[in-house]
Amino acid sequence: MQFKHLLAFCFFALTCLFVQPALAQNKVITGKVIDKKDNSPLIGVSVGAPGGSGTLTSVDGTFRLSVPASVTSLNFTYIGYKSQTVALNGQTSLSVSLESASTNLNEVVVIGYGTQRVKDATGSVASLSPKDFNKGVIATPEQLLQGRVAGVSVTPASGEPGAGATINIRGASSIRSGSSPLYVVDGVPLDNGGTAGGYDSGAGSASARNPLAFINPADIENISVLKDASSAAIYGSRGANGVILITTRKGRKGAGIQFGASTSISNAAKTYDLLGRDQFLKSVAAVGADATAVDYGGNTDWQKQILRTAVSQNYNLAFGGASNTGNYRASVGYDDQQGIVKNTNLKRFTARINASQSFFKDVVKFDLTSLYSNVKNQYAPITNNAGFNGSLIGSAIQLNPTAPVYDANGRYFNINGYDANGFPVGNSFRNPVSMLNQIDDRDNINRYLNNLTATIKFFDGFYYKGNIGVDISRSLRKTFFDPYIVGFTDQTNIRDFNVPSATINGRGILQYNELTSVTTEHTLNYDKKFSNNSQLTALVGYSYQTYKNFYRSQFGWGSGGKYLKNYDQFQNHLAYPVGDSSKYQLQSYFARVNYSYKDRYIVTATVRRDGSSRFGENHQYANFPALAGKWRISNESFMPKGGFFDDLALRVNWGKTGNQDYPSYASLALKQLNYYGTSTTPLNAANPDLKWETQTAYGAGLDFTFLKGRVTGSVDYFNKSQKDLLFLQDLAQPAAVNRYWVNLPGNVRNTGVELGLNVSAIQGKDFSWDISYNMTLIKNRVENFGNRNVITGNIDGQGLSGAYSQFIGNGYPLYTFNVPVYSGLDANGFGIYPNGIDAATPQGSPLPKFIAGLTNNFSYKNWTLSFFLNAQTGFYIYNNTANAFFYKGNLVSGRNVTKAVAATNENPLNSGEVSTRFLEKGDFLRLQNASLGYTFPIKGSAIKSLRVNFTGQNIFLITKYSGLDPEINTNKERNGVPSRGIDYTAYPSARTFTLGLNAGF
């Protein structure tokens, strides 16, 4: 891998070599080309002198062209726009507005290592600009595109601010390794680490927050999704789950100062319909229990005690500009997002500088993107796998409503009372308000993302580009348990170390994580137009990346009668640090050729060879080729001019991509040193033959435009199959180790059809109506898997130890629910299981078969109105919350239930077994987003522009699911195998209304 050093030397040496002949007899014309409708810059517009030389506009719509002094006009042509000839009239700087002739071909999409016009795209690439993004309170980038792109499914883990999300592009494919797409921000591939989850301190463990929360959504200019293998293969080893490219805003001429501010109010969209005091006591008596024994004299709505009306604020300030040789944009942003659960929030500060400068008449150009981000999270004790006592949500929904918040002595009410020293005793019930106020859990994450690019033009159409990107994340999470907390009297085992109970002793936990990623890339690019209306675009490149992750944790507790009352007092009581650190390297060679013949036949060929230190020494390198073609049928002579179709094109594609998202060192024999450093435990056996998980995909698409550009769209078919599945396999015992990583036989196949449609329904002088619709039909299936069944989907609750609900087996979709059939209650109130309580059978999939989104945009003079609906059907949710808490037997022990459960004839002795009783259809239709805006007509003022808007999020939901929200995915993995579609005491979803203002100066 020493080749990288030679290329790094070349990178700097070449910046000193340039040749630019003087053309004294010529004159230089500069300018900018924009869309007449919305003033957005147009990229790739052909600018030329009649019969002479020409150029293309850059990413910000600007151009620079040297022409003979005799030239008096320039021609501007762009597919999808009306051509225009502009007289110079002695001018050397122009501002040109082009009028759209069609609405899809004019777009330029960002692809791997460059951009491409839609008309030239052979792969399936979706592109979103700010006008397409979801509006309102946005914590992470994937929320901007949720429901907006065909084939892309975004399922949040919960409603918590900054919660993680499960993102699948054209279906789920991996069994054990990572399934998230690759994110590339301004050319820097990201590692999705950098945050720490919550330790299990007696109420379950919590997932880490979304690692992409460091990106300010207001800075994003474009999001492109590379969906098929032909477009994603340029990223080879990490493209199997798709690629999401994020491009941030650049400086533009006349941009000036931009300011934005918004205030939002959020409430829980839905809460559990629980019994109130009087209903509870009557229901307890109805099941034959003594209601007076569980009447503690209070009348408490515990959900109201932990929920709130959240107020969030957002501020963004940016300024920038551009000249003929460069541009710059600087921005700062601040978000304060309160969660609807008390003591939860996300605070984010970002500062960004994007700058570009060319020298020596555009021979040398430097581009810099630099970001600093600070994210501070505060957490409530809401976890994925709490026992029957529950974490915060579980405690609140089952706690006796007659229990007061405080007792007569002003202490947090504890059903089991207090000891002589004033400490709460017992742990059978927990006080949710005590949990909120006596657990302090916060983190602080600093992230630095920098990328410097140098471009050297040797001659027109041939240039070198080299860049170095550095991504550094440092996070510190501190968790403190007050010694007087109610209900945490059990010891906890943390990394095989017995820690005394939090109650009486108090507890402090520190987690530190540092992630460093360095990327160096070099490409040679060639772009040549031929006289027969053909064009060749090619690149070759080299990439080298290193990732280092350093994690450690410490924990402490009070001792010797010292009951520590805040985290800082634990500094002298922390145990020795423990943790895991890792690193890996990627080395890649890649090439891509795109050839367009007479603007009718377009072929793209890509190949990438990747080497990863994560794999066995016999298979560290792998090749990822791809091939795609496009036939623009509408340009054929047999197609009538001025006919029905403005544009019609057929695309076909095939390619291979890889997945290496699994633990470092997994191919090696690993041992772990014990806490005291006196012995080791074998963790993993060596497997030198461990190789890449590989996806092979093919598909076809049809792009169309008709009615003079008023209707555009595309239809795609895809078929992709993942093989050599990475998996942590149990070894038959006795053996030196319990497990080792292998490539399982079999494959996971996803097939489907996508439709994207854009309609300009009305185009009037004052009024317009645009419609966008996307839908995906998808089928997921495990094939050639033999008789192997992999179980996952843990189910938690009293009496459910070791229970699970899902399996991965041959012929079924991933994560298929595998539970006994329940067919109601018999005359005595006991559950009926026709095949027996132990006869688990496949019952349905948590993966949607149909996904759709519908956007309507209206404009009337200075007013705009938009609303966005999204839907999913054909999937199931397992309601683990109901399984754990909502059955009549809970009333006997003085725990609350829902009104629906209390109204049944269920026998209080009936057990709550895992079964189809708690398996529900998740189909839903949601009004996800609606926005009303007004732009003030301002002229001759220091204020260039002023706009106000009012936005609603999660406005209504139509579903038969009995839980809070069917769009949920609590992490219920088993032995590291992911789960899907299980709902367990998750953070509730919010309904949010936002008032925003944007001004330009």
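Here the structure is shown first, and the text comes after it.
Residues numbered from 1 in each chain as written. Predicted model: local features only at pLDDT ≥ 70, side-chain atom pairs only at ≥ 80, totals over all residues. Heavy atoms only, no water.

This paragraph deals with unusual backbone geometry. The phi angle at Asn343 is positive, at roughly 65°, despite the residue not being glycine. Relative to the assigned elements, Asn343 resides in the loop between β19 (326-338) and β20 (345-359). For Tyr665, which is not a glycine, the phi torsion comes out positive at approximately 70°. Mapped onto the fold, Tyr665 is located in the loop between β31 (645-659) and β32 (670-673). (Helix = DSSP H or I, 4+ residues; strand = E, 2+ residues; numbered from the N terminus.)

Within the element layout of this structure, Thr816 appears in strand β40 (residues 816-819). With relative accessibility at 2%, the residue Thr816 sits in the buried group. Ignoring anything within four residues of it in the chain, the contact list for Thr816 reads Ser805, Gln806, Phe807, Pro842, Gln843, Gly844 and Pro846. (Buried < 20%, exposed > 50% of the residue type's maximum accessible area, 1.4 Å probe, protein only. Contact = heavy atoms within 4.5 Å.)

Moving on to empty space enclosed by the protein. If you walk through the whole model with that rule in mind, you get ten cavities of 30 Å³ or more. In this model, the largest cavity occupies a volume close to 630 Å³. In this structure, the largest cavity is lined by 35 residues; those nearest its centre are Val137, Gln143, Gly159, Gln953 and Ala990. When residues of the lining of the largest cavity are traced back to their parent elements, those giving at least two are α2 (142-145), β11 (152-156), β19, β46 (924-935), β47 (945-959) and β49 (990-1000). By residue number, the principal contributor to the lining of the largest cavity is β46, which donates three residues. Partitioning the lining of the largest cavity into residue classes produces eleven nonpolar, 19 polar and five charged. (1 Å grid on protein atoms, 1.4 Å probe; cavity = no way out; pocket = protein on both sides within 12 Å on 5 of 7 lines; lining within 4 Å. Points joined across faces, edges and corners; volume = space filled by probe spheres on them. Nonpolar A, V, L, I, M, F, W, Y, C, P; charged D, E, K, R; others polar.)

Under the criterion given, the structure shown has 34 salt bridges. In this structure, the salt-bridge partner of Arg926 is Glu967, at a minimum N-O distance of 2.9 Å. With Arg926 in strand β46 and Glu967 in the loop between β47 and β48 (982-983), the pair connects residues that are 41 residues apart, well separated along the chain. Of the two residues examined, Arg926 and Glu967, each falls in the buried class. Counted as one network, the salt bridges with shared partners bring together Arg170, Lys227, Lys630, Arg651, Asp703, Asp716 and Glu754. (Salt bridge = Lys/Arg side-chain N within 4 Å of Asp/Glu carboxyl O.)

In this section: the nonpolar core. Val341, Leu392, Phe488, Tyr878 and Phe886 are the most contacted members of the largest nonpolar core, which has 60 residues in total. Of all elements in the fold, only α4 (277-286), α5 (302-306), α6 (392-398), α7 (432-438), β40, α9 (880-885) and α11 (899-902) reach the threshold of two or more residues within this core. Ranked by residue count, the leading element in this core is α6, at four residues. Dropping the residues within four chain positions of it, Phe886 is found in contact with Tyr272, Leu274, Ile397, Thr881, Val897, Thr898, Val901 and Arg917. (Core = buried A, V, L, I, M, F, W, Y, C linked by side-chain atoms within 4.5 Å.)

Taken in spatial order, the three strands of this open sheet run β4-β1-β7, and their pairing is mixed. Each of the sheet's edge strands pairs with one partner strand only, and the pair in question is β4 (62-68) and β7 (93-98). Along the sheet, successive strands turn relative to each other by an average axial angle of 30°, direction set aside. As paired elements, strand β1 (residues 26-35) and β7 share six bridges and run parallel to each other. Across the sheet, Gly31 pairs through a bridge with Leu94, a residue of β7. (Pairing = 2+ DSSP bridges. Axes fitted to C-alpha atoms, helices over the stretch in contact; angles between N-to-C directions.)

For Asp689, the location among the structural elements is in the loop between β33 (680-684) and β34 (693-706). It is 56 Å that separates the C-alpha atoms of Asp689 and Leu891, two residues lying 202 residues apart in sequence. Contact partners of Asp689, with chain neighbours within four places excluded, come to Asn618, His619 and Asn743. A distance of 2.8 Å separates polar atoms of two side chains, one belonging to Asp689 and the other to Asn618. (Polar contact = N/O pair within 3.5 Å; in protein donor to acceptor, adjacent residues only side chain to side chain.)

A word on the environment of Asp770. Position of Asp770 relative to the elements: it lies in strand β37 (residues 767-783). The spatial distance from the C-alpha of Asp770 to the C-alpha of Gly506 is 59 Å, given a sequence separation of 264 residues. Within the structure, Asp770 has its side chain in polar contact with the side chain of Ser760 (distance 3.4 Å).

Before going further, it helps to spend a moment on the packing of aromatic side chains. According to the stated counting rule, one finds 37 aromatic pairs in the structure shown. An angle of 15° between the planes, with centres 6.3 Å apart, marks the rings of Tyr597 and Tyr601 as stacked. Ring plane angle 10° and centroid distance 6.3 Å describe the contact between Phe885 and Tyr984, whose orientation is recorded as stacked. Residue Phe885 is located in helix α9, and its partner Tyr984 is located in the loop between β48 and β49; the two are separated by 99 residues in the primary sequence. You'll find Phe885 and Tyr984 in the same group, each marked buried. Ring pairing ties together the aromatic residues Phe458, Phe459, Phe462 and Tyr526, which thus form one cluster. A cation over an aromatic ring shows up here: Arg430 above the ring of Phe488, its NZ or CZ 4.2 Å from the ring centre. Against the face of Phe481 rests Arg507, its NZ or CZ located 5.9 Å from the ring centre. (Phe/Tyr/Trp six-rings, centres within 6.5 Å; stacked < 30°, edge-to-face > 60°. Lys NZ or Arg CZ within 6 Å of the ring centre and 35° of its normal.)

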